[in-house]
Structures are given as C-alpha cells and as structure tokens.
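# A closer look at the structure
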Amino acid sequence: MRALTIVEPGVLELGEVEDPTPGADEVVVEVGACGVCGTDLHLIDGESPLASYPLVPGHEFSGVVVARETLSKDQPWGSGSRSTPTPTVALAASAAQAERTCAPATARSV
Ligand SMILES: [Zn+2]
C-alpha cells in the first residue's frame, strides 16, 4: 500500500510499505482522511525523543473498518463501521498517513 514515510528527520518519502497487521483487539481501518498536527511536525523535525525511524506518521484520522479478525466476538465493530479513533489513545499505534492503518478497538468513536 502507499504511505508517507519519515525516513529520517527531514526526509519524507511517498512509496510502498507492507500492509498493516493488526494486533490483539485492533481493527484495520481504510483511511479516508488524515490530519497533520504539531506532533507530526515534531517527528519530521526529529524533535521527539521517543521516535524510531523510519516511521509512518499520522494519528488524527477517520476511515472505515475493513478487518477485525483479532477482536473477540463481543466487540461491536464490524467491517464497514465508520471510525475516528481518539487521537491520544491512537497516538502510539497509528500510522495513518497511509491507505490503511491499525487502531485499537478501545480507541474508537463512530
Ligand atoms: Zn495530534
């Protein structure tokens, strides 16, 4: 899939990356829109001590759930559910400057 990657501070590349693999209790979201916020700019500038490069930025996004295989059956998410994950909860897990990303099911809102 296509994604924007920060290869190293100050170096951005639009190219192909592996499709995301959801962890336990995560859904895969087809990204419809993704914002660029101050955190992303700090990542581009190399100002985040927690960043490990290369990385795909983006944690403020919305889209549609396209896979939910790792969720238990009692989770309400189904394919086609609209999703706008809570940015602060999704911050660690998301890489939404891409066609698809994973989001924790606990970070959901519809
Ligand atoms: Zn943000």
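Details of the structure are given in the entry above.
Let me begin by describing the structure that accompanies this report. The numbering scheme is per chain: residues are counted from 1 as the chain's sequence reads. Given that the model is predicted, a residue must reach a pLDDT of at least 70 before its local features are reported, and side-chain atom pairs must reach 80 or more before they are shown or counted; all residues, however, enter totals for whole chains, interfaces and linings.

### Some remarks on the sheet that holds strand S3 (residues 26-34)
Rules: Here the rule is simple: two strands pair whenever DSSP picks up at least two bridges between them. Secondary structure elements follow DSSP: runs of H or I no shorter than four residues count as helices, runs of E no shorter than two count as strands, and numbering proceeds from the N terminus.
As summarised here, the arrangement of the four strands in space is S5-S4-S3-S6, forming an open sheet in which the pairing is antiparallel. Strand pairing shows two members of the sheet lacking a second neighbour, strand S5 (82-83) and strand S6 (100-104), which therefore form its edges. Bridging between S3 and strand S4 (residues 61-67) involves six bridges; their strand directions are antiparallel. The partner of Val28 across the bridge, within S4, is Ala67.

### Considerations on unusual backbone geometry
Cis peptide bonds are those with omega within 30 degrees of zero, and the linkage from Tyr53 to Pro54 qualifies with 0 degrees. Summarising the element assignment, Pro54 is placed in the loop between helix H1 (38-44) and S4. One non-glycine residue with positive phi stands out, namely Asp25, at about 60 degrees. Mapped onto the elements, Asp25 comes out in the loop between strand S2 (11-16) and S3.

### Some details on the environment of Leu12
We count it as follows: The burial criterion counts other C-beta atoms lying within 10 Å of a residue's C-beta, which is placed from the backbone; the residue is buried at 20 or more, exposed at 12 or fewer, and partly exposed between these limits. Note on contacts: each residue gets a C-beta atom placed from the backbone, and two residues are in contact if those atoms are within 7 Å.
Tracing the chain through its elements places Leu12 in strand S2. Leu12 sits in the exposed class, given 12 other C-beta atoms within 10 Å. Distance from Leu12 to Pro54, taken between C-alpha atoms, is 9.5 Å for residues 42 residues apart in sequence. Contacts of Leu12, omitting those with residues within four sequence positions, involve Leu4, Ile6 and Ile44.

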